[in-house]
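Commentary on secondary and tertiary structure
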Amino acid sequence: MKFSVKIKTVSSHPKTGVDALSVFFLENKGKKTEFKSIEELFNLKFNSSSNKLLTDEDTSKVEIQTEDKGNILIFKFKKAELTVDYFRDSLAGCLQSLNSAAAKELAVSIPEYCDFSELFDSEEYFSQSFIEGVLLGNYDFSVYKSKKKRTPKLNAVFVGSNLKLLKSAAVKAEKTIEAVCFAKDLVNEPAITLTPREFVRRVKKNFTDTSVKVKTMNEAALKRNKMNAILSVGRGSDNPPILLVLEYKPARAKETIALVGKGITYDSGGLSIKPTDGMLEMKGDMAGAAAVVGTFFAADKLKIGKALIGVIPLAENLINGSSYKPGDIVSTASGKTIEVKNTDAEGRIVLADALEYACKFKPNAVIDFATLTGACVVALGEFAAGMFTKDRTLAGKLKRAGDKTYEILWELPFMDAYKKLLKSDIADISNIGSRWGGAITAAKFLENFMEKDIPYVHLDIAGPALKHELTSYTKKWATGFGVRLMSDFLSE
Ligand code: BES
Ligand code: ZN
Ligand code: ZN
């Protein structure tokens, strides 16, 4: 973390000193009157160059230095261009550029909710987005920098008129972002250290003294349970595969949701090897697993009322003398057989055993998270995840949670017509389809291992889970995609 942040909530703007930054958000109407209230608050007059910037409609951000009350940063938004992520994104960027040697206090004025109620779902979540922005912008992954930086203290003061609501928003934001950062840390960790065993060790460490139960199946247990799909993919590595199972069972829970996460701690492609460029980000091929772990972490902290089962197949897709090969037939725990036509389509193979296992708990729904296909990123870009389901109720609820949290889900076709493309002459199913619609055929493959009467959603997060340029808080490191989404979805 860049700073050691302490969050405070107050109802009127604090008296600031030279080491403070005060942040305001105002609608950009190009009028001087808009900024008068800030002049009054600080008891000063902006000079002509500041006035010029403040009234210039093409300027979206103005920073003004005062003599003894610190700096004032004014974000000028255009109402037509606002999104529910605007405040989160702006404040994350603001924190990233804050001089950690100079700043000791950040005072953020939250504007009146009534002006934004059409866009936002609730006043509490509107306020939460400001606090999340500061906390997300504060994230860094610097454990491997040999020159250690200090972590100076920063008081982050949020000013809002509804103090009670602001306080509860702050508590929720802190818990949720702590869970997001746990997921980010797991995905950012290089594969040399984050083997399946190390993944389990970190999960166990983080879940001690929580209500989440952690169980594992080692290689011998996987063999006993005939989970040859997970074993086949993991066989090419010295680090054996593990199935990680999480349980969260709050009292009086009426529903159980199973969350399944692809946990390939490194994807070289196997014998169908990837080119170097394609391998660079493949330490992140366990981002689905991290999303599930992060969701359990948040569920425990936020005391979510639904019961959860987590099923995470962990394996390395590498190459040695025992690697699984194109042409192999894999016999899964369900009894169904897979013809391996490409060892780089390994995610769906490990998920075959994981989905079948998740169904054994008879959950009310199964949702999987997987960095499954490059094809999904080609289709949707890096911002939205692909959603595949036949369940209209779940699709609607998840879509709404995505729109609210700005972890956007975009539904793609999922009709049975695509099933034909997975035909195999020698086994029950082939692990790849034809050239087109790669994200869809991958989803249809997974559906094959689900129990027909359990509502099922597959989320392909290959784009949004890994770093991308589209928001300030996703630029440098893995995004932790899915944790904010699920925290909201499960709280409803
Ligand atoms: N892990 C990759 C998918 C991926 C690509 C994730 C880019 C994140 C960013 C997956 O295992 C894979 O290699 N899929 C293949 C499937 C193909 C062989 C049918 C792909 O997408 O090319
Ligand atoms: Zn692969
Ligand atoms: Zn993969």
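Model, not experiment: these values are computed from the prediction.

Describing the coordination of the zinc ion (ligand 3)
At this site the zinc ion (ligand 3) is bound by Lys262 (NZ), Asp267 (OD), Asp285 (OD) and Glu346 (OE), with donor distances of 2.0 to 2.4 Å. Angles of 77 to 174 degrees at the metal separate the six donor atoms of the zinc ion (ligand 3), which places the site in the octahedral class. The motif formed by the donor residues of the zinc ion (ligand 3), counted along the single chain, is K-x4-D-x17-D-x60-E. Between the zinc ion (ligand 3) and the zinc ion (ligand 2), a spacing of 3.2 Å is present, and a bridge between the two is formed by Asp267. Comparing Lys262 with Asp267 shows no difference in burial state: the two are buried.

As for the coordination of the zinc ion (ligand 2)
Distances from the zinc ion (ligand 2) to its protein donors, Asp267 (OD), Asp344 (O), Asp344 (OD) and Glu346 (OE), fall at 2.0 to 2.2 Å. For the zinc ion (ligand 2), the six donor atoms in the first shell make angles of 71 to 168 degrees at the metal, a pattern classed as irregular. For the zinc ion (ligand 2), all donor residues lie on one chain, and their spacing in sequence is D-x76-D-x1-E. According to the relative accessible area criterion, Glu346 is buried, its value standing at 0%.

Let's talk about the site of ligand 1
What surrounds ligand 1 is a group of 16 residues, the closest being Lys274, Asp285, Asp344, Glu346 and Gly374. In this structure, Asp344 approaches ligand 1 through a side-chain N or O atom, which is 2.8 Å from an oxygen atom. The backbone of Leu372 places a nitrogen or oxygen atom 3.5 Å from a nitrogen atom of ligand 1. Here ligand 1, which alone exposes 520 Å², has 76% of that area covered by the protein. By residue class, the composition of the shell around ligand 1 is five nonpolar, four polar and seven charged.

Topic: the sheet that holds strand 13 (residues 337-339)
Judged by pairing direction, the sheet is mixed, and its three strands sit side by side in the order 12-13-17 without closing on themselves. Edge strands, defined here as strands with exactly one partner in the open sheet, are strand 12 (329-331) and strand 17 (429-430). As paired elements, strand 12 and strand 13 share three bridges and run antiparallel to each other. Bridging from a neighbouring strand, Val330 pairs with Ile338 of strand 13.

Concerning the side chain of Thr471
Position of Thr471 among the secondary structure elements: in the loop between strand 18 (456-460) and helix 15 (483-491). On the accessibility criterion, Thr471 (4% relative accessible area) is buried. Sequence-distant contacts of Thr471, that is, excluding residues within four places in its chain, are made with Asp85, Asp89 and Phe383.

Conventions and cut-offs
Residues numbered from 1 in each chain as written. Chains lettered and ligands numbered in written order. Predicted model: local features only at pLDDT ≥ 70, side-chain atom pairs only at ≥ 80, totals over all residues. Heavy atoms only, no water. Donors = N, O, S within 2.8 Å, 3.2 Å for Na, K, Ca; no water. Tetrahedral: all angles 85-135°; square planar, octahedral: opposite > 155°, others 65-115°. Buried < 20%, exposed > 50% of the residue type's maximum accessible area, 1.4 Å probe, protein only. Near = heavy atom within 4 Å. Polar contact = N/O pair within 3.5 Å; in protein donor to acceptor, adjacent residues only side chain to side chain. Areas by Shrake-Rupley, 256 points an atom, 1.4 Å probe, with all protein chains shown as cover. Nonpolar A, V, L, I, M, F, W, Y, C, P; charged D, E, K, R; others polar. Pairing = 2+ DSSP bridges. Helix = DSSP H or I, 4+ residues; strand = E, 2+ residues; numbered from the N terminus. Contact = heavy atoms within 4.5 Å.

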